Amino acid sequence: MAEKPKLNLNRVPIPKQTPEVRRRNFNEVALGYTDEQALEEASRCIDCKKAGCKDGCPVNIDIPEFIKAIRAGDMPEAARILKSKNSLPGICGRVCPQETQCEMTCNLAKKGGPIAIGRLERYVADWERDHPEIAEQQKERIRFNGKKVAVVGSGPAGLTCAADLAKLGYEVIIFEALHVAGGVLMYGIPEFRLPKVIVQSEVDYVKSLGVEIKLNHVIGKIATVDELLENGFDAVFLSPGAGAPVFLNIPGENLSGIYSANEFLTRTNLMKAYLFPEYDTPIQVGKRVAVFGAGNVAMDASRCALRLGAEEVYIIYRRSKVEMPARLEERENAEEEGVIFKLLTNPSRFLGDGRGRVRAVELHEMELGEPDESGRPRPIRKPGSEFIMEIDTAIPALGTRPNPIIPSTTKGLELTKWGTILTDEASGRTSKERVWCGGDMATGAATVISAMGAARRAATDIDKYLRGSTEWS
Amino acid sequence: MCKIVKKEILVPNTIYLKVEAAEIARKAKPGQFVILRVDEVGERFPLSLAGWDEDRGTLEILFLIMGKSTMKLSALDEGDCIRDIVGPLGRPTEIESYGNILSVCSTFGIGPMVPMIKALKEKGNKVVTAMEARDKASLFWEDRLKSVSDETYVVLGDGSLGKHRRVREFITEYLESGNKVDRVFAFGRIFMMMDCCRATKPFDIKTIVGLTPIMVDGTGMCGCCRVSVGGETKFTCVDGPEFDGHLVDWELLIKRKRAYLREEAQAFNLWQPDNLRRIAELSELPERISVM
Ligand SMILES: Cc1cc2nc3c(=O)[nH]c(=O)nc-3n(C[C@H](O)[C@H](O)[C@H](O)COP(=O)(O)OP(=O)(O)OC[C@H]3O[C@@H](n4cnc5c(N)ncnc54)[C@H](O)[C@@H]3O)c2cc1C
Ligand SMILES: Cc1cc2nc3c(=O)[nH]c(=O)nc-3n(C[C@H](O)[C@H](O)[C@H](O)COP(=O)(O)OP(=O)(O)OC[C@H]3O[C@@H](n4cnc5c(N)ncnc54)[C@H](O)[C@@H]3O)c2cc1C
Ligand code: SF4
Ligand code: SF4
Ligand code: FES
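Report on the accompanying structure. Here the residue index of a chain counts from 1 through its sequence in written order. Each chain is given a letter, starting from A, and each ligand a number, starting from 1, according to the order in which they appear as written. In keeping with the model being predicted, local features are shown solely for residues with a pLDDT of at least 70 and side-chain atom pairs are shown and tallied solely at 80 or more, while totals for entire chains, interfaces and linings include all residues. Processing note: side-chain calculations cover all non-hydrogen atoms of the structure and skip hydrogens and water entirely.

1. So, the site of ligand 2
Residues and elements named next belong to chain B.
No. 1: One heavy atom within 4 Å of a molecule or strand is enough for the residue carrying it to be called near that molecule or strand. In the vicinity of ligand 2, 24 residues are found, and the nearest of them are P46, L64, S69, T70 and K257.
No. 2: Contacts to ligand 2 include T70, whose side-chain N or O atom sits 2.4 Å from an oxygen atom.
No. 3: Shrake-Rupley sampling with a 1.4 Å probe provides the accessible areas, and residues are treated as covered by the protein chains on show and by no other component. When ligand 2 is considered free in solution it has 850 Å² of accessible area, and contact with the protein chains removes 94% of it.
No. 4: Mapped by element, the contributors of at least two residues to the shell around ligand 2 are strand 4 (45–48), strand 6 (58–64), helix 2 (68–74) and helix 9 (261–282).
No. 5: We call Asp, Glu, Lys and Arg charged. Ala, Val, Leu, Ile, Met, Phe, Trp, Tyr, Cys and Pro are nonpolar, and the rest, Gly among them, are polar. For the shell around ligand 2, a count of residues per class yields 14 nonpolar, five polar and five charged.
No. 6: Both domain 1 (2–90) and domain 2 (100–257) contribute no fewer than three residues apiece to the shell around ligand 2. Polar contacts, as used here, are pairs of N or O atoms within 3.5 Å; protein pairs need one atom able to donate a hydrogen and one able to accept it. Residues neighboring in sequence count only if both atoms are side-chain atoms. For helices the rule is a DSSP run of H or I covering at least 4 residues; for strands it is a run of E covering at least 2, with both sets numbered from the N terminus onward. Residue ranges assigned to the domains are those given by an automatic or database domain assignment.

Laid out in structure tokens, this is it:
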């Protein structure tokens, strides 16, 4: 056996726009590795025999192999390896929470310097986008097998299931409610974290496999799931996400100037309100903005508000820093850009200006008590700590519930007590024959890659079932 | 892309369009609406279905020119295409046999009222219609309403027709003179619907109204269309658009509708010169004649 090489634990940092500059523009924050940086980072990977990294990736990318291809300078091969398991590498490389997935299980993580797998994945995907001729050569020839599958929703789950099935020869049609494909990738995650041209180029890849996307089709309205099954589809995969916003339920919440995070982000990202009046959809931010909640969605909303011109943006959260659910990286990005964190604070009501617009919010301080059912300390209101904060805009970012349109129009779909569709985790099967489900609609709000993992498992099971190698029950 | 197959200017600020959208036409029901985007930079905005033809695969809509989006839509011609149309959205009207119906409509509310009255008649209801318009020049589709209703009354705001200037006065008199009404449906301008509810309240007659808040997605995803009904927050696009008018918080609705007045004016004013320039280019004017 050769001599053990010396471990290099210094991750190559990714270049970023400086906070002072990026807080006022919608261009991508992280600029991506240069060729030299990518090579240097790839060279740190020790090509483990028992590669822990692979266990952390829900779609089982052959991580050591694609990194080896980068080291060897064989970019087409690196791209091929990625694409064979992940149809959306440019997206995942940017938005996967790698620190709790592949990078957490990388063997070097224990020693404090996991390989920057996400950044390398992004690097390869970006290279491939700049070399469309390679993708063309690598295109597999697909022979249709005569079976037809309908996919509802074109978020990461829907795109993944469609791509996997198309590669196996199925005729796949995706039905999407909005006027563009991509789901949260288009309407939720902001341009500066995930440029929309990247989403569209990966959507185009899925289309290039023969998948048809019917936009402006709300299933449950223009056709029900049962009608799809009756009219020629052999199977239906449901991936409509968990898109209904949750509000605070406090007085004054319907004043103008109070946006759900979904509305605020949809106006900004999907409808491009940051380009108003060149684009027709308006948005109002004013000078002082309060965002309620401290998850990733709250970070995105607060950073959008800054970029739309707000002078002061507050994150208002009822627990303390350690309980904040947002990724550390996003929190740091927000902080660097000047978002102000007001912790242990909770709103009790909104005050209007007399003409229907929000003028202020009444807040009170909280302290932490015994752990609650979530295991986190329960926030308790401090008596007599109320105070008023003047604001122009308020954005509750408290999470989402499943949208009821599909459950309420489909016979025989069992739901959980949270309103999600009851789904077998391993196969994606629902309680209704020939109907599978995956993504946020099955799990509640989760991550892009977990939605994709579930979609892949469902695609495998759909294929098995339609080839007749398993019974429904 | 949906092609416009027919366009009519009903009255100077109200346009009627028939568009190709076969799949929507197959599923449309009274009381539902569509959301449109005129072009790539356009906003999403809702319009009610004024009719549909399953066999020909067409939808009918009519709209009042209010601001930039409706102005842009009005600038399209037969043969042109609308970028996106999604629907049918919203819950259909609850069509039952109620007995005697009073249907009240004005401006763009006249459109959705026609299929609704037809459906109500098919269920054996007697339908009396009262339509309101500002003056004779802004009156349209009187004949259509007449042809589907049992009786039709016209109220003109300038008082040039009979003694009433507002449909509210008509309703009060109609009810006071002992006419039995089991349910009222009102569609149109918010003030008209609000007025109508005030008139029916003392008689305790259930009054269904079609609300028109600002919308974005139309599928329950954003919460922009929230209204307060009976003290509860509802999303108009999925829980409505029809609600019991006696329970609606009208003040809130009106204030929320006005949220973007400044931006709407800005968008409209900037668009107009731009549009004139385009018209000039299209109509091949001699170069000397400058429009701007
Ligand atoms: C602001 C924000 C930031 C996030 N950031 C991250 C991140 O950094 N990293 C990460 O991993 N995850 C992130 N997430 C979570 C992640 O985006 C979701 O978990 C993921 O998108 C779920 O995928 P999905 O395919 O299940 O659903 P979605 O992405 O929600 O897509 C569902 C699609 O179905 C469509 N649809 C809904 N109903 C119907 C119907 N009846 N008929 C037809 N179509 C329908 C919707 O319009 C939508 O396009 C974020 C989420 C948000 C909101
Ligand atoms: C369920 C429903 C059905 C409707 N049906 C019809 C119809 O059949 N015919 C018709 O003429 N109008 C209808 N409307 C109203 C129509 O959507 C607005 O008049 C239109 O959006 C105005 O857009 P604009 O850009 O031309 O005007 P703007 O200058 O943008 O706005 C003028 C006014 O229209 C309202 N408005 C603006 N944007 C929106 C939006 N995205 N969604 C809803 N309202 C908005 C606001 O009150 C605003 O003050 C309906 C609205 C709803 C909610
Ligand atoms: S898809 Fe996500 S989890 Fe898998 S290797 Fe890439 S970054 Fe890691
Ligand atoms: S575990 Fe880490 S070091 Fe080992 S192969 Fe995977 S990425 Fe490379
Ligand atoms: S328009 Fe978005 S929820 Fe109704």
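After that view, the rundown keeps rolling.
2. Observations regarding the pairing of strand 4 (residues 235–238) of chain A
All names here are of chain A.
No. 1: By the alternation rule, side chains of strand 4 split into A235 and F237 and V236 and L238, which are all buried.
No. 2: Of the strand pairs in this sheet, strand 1 (residues 148–152) and strand 4 are connected by four bridges, and their pairing is parallel. Residue A150 lies in a different strand from strand 4, and its bridge partner there is V236.
No. 3: By the convention used here, strands pair only if DSSP detects at least 2 bridges between them. Sheet analysis places strand 4 next to strand 15 (residues 435–437), joined by three bridges and oriented parallel. The residue bridging L238 from the neighbouring strand is C437, located in strand 15. Classification of residues uses two cut-offs on accessible area relative to the type maximum, computed with a 1.4 Å probe and protein chains only: under 20% is buried, over 50% is exposed, and between them is partly exposed.

3. A short note on the interface of chain B and chain A
No. 1: Contacts between the two partners involve 42 residues from chain B, matched on the other side by 43 residues from chain A.
No. 2: The term buried area denotes the loss of accessible surface (1.4 Å probe radius) that occurs when two parts are joined, taken as the sum for both partners. Counting the surface lost from both chain B and chain A, the interface buries some 3500 Å², and carbon and sulfur atoms represent 53% of this.
No. 3: Considering only the surface of chain B that becomes buried against chain A, M221(B), R226(B) and Y260(B) emerge as the three largest contributors, covering 19% of it.
No. 4: What counts as a salt bridge is simple: a side-chain nitrogen of Lys or Arg found within 4 Å of a carboxyl oxygen of Asp or Glu. Across the contact surface, chain B and chain A share three salt bridges.
No. 5: Across the salt bridge formed by E227(A) and K27(B), the nearest N and O atoms sit 2.8 Å from each other.
No. 6: Applying the counting rule to chain B against chain A returns 20 residue pairs in polar contact (both at pLDDT 80 or more). Contact definition: two residues touch when any of their heavy atoms are within 4.5 Å.

4. Examining the site of ligand 1
All names here are of chain A.
No. 1: In the vicinity of ligand 1 lie 33 residues, with V95, E176, R193, I219 and D440 positioned nearest.
No. 2: A distance of 2.9 Å separates a nitrogen atom of ligand 1 from a polar atom in the backbone of I219.
No. 3: Within the backbone of A446, an N or O atom sits 3.1 Å from an oxygen atom of ligand 1.
No. 4: Burial of ligand 1 by the protein amounts to 93% of the accessible area it has alone, namely 1000 Å².
No. 5: Put simply, the parts of the chain that give the shell around ligand 1 at least two residues each are helix 10 (156–167), helix 15 (296–307) and helix 19 (448–466).
No. 6: Partitioned by chemical class, the residues of the shell around ligand 1 number 19 nonpolar, 10 polar and four charged.

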